[in-house]
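# Remarks on the overall topology
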Amino acid sequence: MTADTATVITGIAELTTNTDEWGTLGTAALVVEGDRVRWVGPESRAPQADRRIDIGGRAMLPGWVDSHTHMVFAGDRTAEFGARMAGRPYSAGGILTTVDATRSAPDSELAATLRRLRDEALRQGTTCVETKTGYGLTVADERRCAALAAEVADEVTFLGAHTVPRDTTADDYTDLVCGPMLDAVAEYVGWIDVFCETGAFDAEQSGRVLAAGRARGLGLRVHGNQLGPGDGVRLAVDHGAASVDHCTYLTDDDIGALAGSSTIATLLPACDLSTRQPLAPARRLLDAGARIALATNANPGSSYTTSMAFCVAIAVLRMKLSVAEAVWAATAGGALALGRDLDAEGAVGVLRPGSRADLHVLDAPSAVHLAYRPGVPLTWAVWRHGDLVVCPPEIR
Ligand code: NIG
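Residues numbered from 1 in each chain as written. Predicted model: local features only at pLDDT ≥ 70, side-chain atom pairs only at ≥ 80, totals over all residues. Heavy atoms only, no water.

- The name an unreviewed UniProt entry assigns to the chain is Imidazolonepropionase, from the organism Nocardia mexicana.
- As its UniProt record puts it under Sequence similarities (unreviewed entry), the chain is described as follows: "Belongs to the metallo-dependent hydrolases superfamily. HutI family."
- In its Function (unreviewed entry) section, the UniProt record describing the chain reads: "Catalyzes the hydrolytic cleavage of the carbon-nitrogen bond in imidazolone-5-propanoate to yield N-formimidoyl-L-glutamate. It is the third step in the universal histidine degradation pathway." (UniProt positions renumbered as here; feature names shortened; annotations may be inferred.)

### Re the UniProt feature "binding site: N-formimidoyl-L-glutamate" (unreviewed entry) in the chain
- The UniProt record annotates "binding site: N-formimidoyl-L-glutamate" (unreviewed entry) at Y135, N299 and G301. Spanning 167 residues, the named residues form one tight spatial group whose C-alpha atoms are at most 11.3 Å apart. Of the residues named above, Y135, N299 and G301 line the largest cavity.
- For Y135, a relative accessible area of 2% puts it in the buried group.
- Tracing the backbone through its elements, the reader meets N299 in the loop between β12 (292-294) and α11 (308-318).
- Discounting chain neighbours no more than four positions away, the residues touching N299 are H70, Y135 and Y304.
- Among the polar contacts made by the side chain of N299, one reaches the main-chain amide nitrogen of S302 at a distance of 2.8 Å. (1 Å grid on protein atoms, 1.4 Å probe; cavity = no way out; pocket = protein on both sides within 12 Å on 5 of 7 lines; lining within 4 Å. Buried < 20%, exposed > 50% of the residue type's maximum accessible area, 1.4 Å probe, protein only. Helix = DSSP H or I, 4+ residues; strand = E, 2+ residues; numbered from the N terminus. Contact = heavy atoms within 4.5 Å. Polar contact = N/O pair within 3.5 Å; in protein donor to acceptor, adjacent residues only side chain to side chain.)

### Thoughts on the confidence of the model for the chain
- Of all residues in the chain, 99% have pLDDT values of 70 or greater, and the mean over the chain is 97.
- Mean pLDDT across the secondary structure elements of the chain bottoms out at helix α1 (residues 78-85), with 94, and peaks at strand β5 (residues 64-66), with 99. (pLDDT = per-residue confidence, 0-100.)

### Considering helix α8 (residues 252-259)
- The complete set of buried residues in α8 reads D254, I255, A257 and L258. Seen end-on, α8 carries its buried residues on one side only, within an arc spanning 160°. Away from the buried face of α8 by more than 90 degrees, exposed residues D252 and D253 are located.
- Contacts from the buried residues of α8 go to α7 (232-238), β10 (243-246), β11 (264-267) and α10 (282-288). (Arc of directions from axis to C-beta.)

### A look at the packing of aromatic side chains
- Applying the stated criterion to the full structure yields 3 aromatic pairs.
- When the centroid spacing of 5.9 Å and the interplanar angle of 75° are considered together, the rings of F73 and Y304 count as edge-to-face. Linking F73 in the loop between β5 and α1 with Y304 in the loop between β12 and α11, this pair joins segments that are 231 residues apart in sequence.
- With a relative accessible area of 47%, Y304 lands in the partly exposed category.
- Through a chain of ring-to-ring contacts, the aromatic side chains of F73, Y135 and Y304 assemble into a single cluster.
- Above the plane of the ring of W380 lies R58, whose end atom (NZ or CZ) is 3.8 Å from the centre.
- Directly above the ring of W191 sits R221, whose terminal nitrogen or CZ lies 4.1 Å from the centroid. (Phe/Tyr/Trp six-rings, centres within 6.5 Å; stacked < 30°, edge-to-face > 60°. Lys NZ or Arg CZ within 6 Å of the ring centre and 35° of its normal.)

Here it is as structure tokens:
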């Protein structure tokens, strides 16, 4: 460790590491050097370093990994939300409202919204974020949305197959997505996704999208089982997708398929609440042996929040997860949904020597407070890539 760059952080009342070695550690310390964690352990054994920061008996956890957002958009859907709260059901048809606004918006406006939401998430402890295209739906608009996303997000997903535009058929549009549109976005994206749902893309069309993405070397993910039972989970598992997202309506067969696979079930509780759907069956998934992630699904239609803490609180208070399970799902689970190896150098979602120094300190002595004090902004300090990006006056 080089003395001029290493910082030892002490006064950690509870350290969530998500590692087998330490699990959750009381009275801990951690050393940051450059953009990496270099040492983790009991405070009594902490090494010397150039700088020492005492966080005063607060809880530290890995930064949130938000593995599902749609932050590249323009426009507003407040009226649609208000109508829904007055009793109108959610339908994915509202996506086209945002498509119209996004196509009309200049790059500068899209970039400003993207950065605003990214910064809003960071201030709440989200240090790794995925975002998607999907509100352009022309070759040119999907390409510019992908290029803008690539400037800001840790991971970018091509979701040209978000919905079928007004002027075409699902089959013709699927051909466009799998051909010229994929060619146009490929340099900016690492993932491909498809909304496999009644009214969007059927299993055959969705399978074509995934196969085209795989042929281009992209990782696979699927939006599935959001608005009713369907083929999304089965399709994702059969294609070896990294994740299937939503999973609100699952049969026992779907749960069994996920449990026997490496596909992560990414649950989006803020979306389920904002669309007045049932909450996804998190407890049944975990009890069956499936692995889950929690994500915000930040978008202007079905889930306009960047708060991972809100998702964790819902998961604990209403989905029967323990705090430890929910925190794991919002950190390590999100990393797995993004295809990240938790043991790799520079890993996110875990805190151990060699992991990325993405640290989230709560203004509370334990992570239990995330559910015990729901709705309270508990983020106190955040390090991202080793930089102290949210800094309270006490440690300035
Ligand atoms: O994940 N399911 C499809 N896509 C988004 C909805 C976006 C919207 O309503 O604009 C989702 O919920």
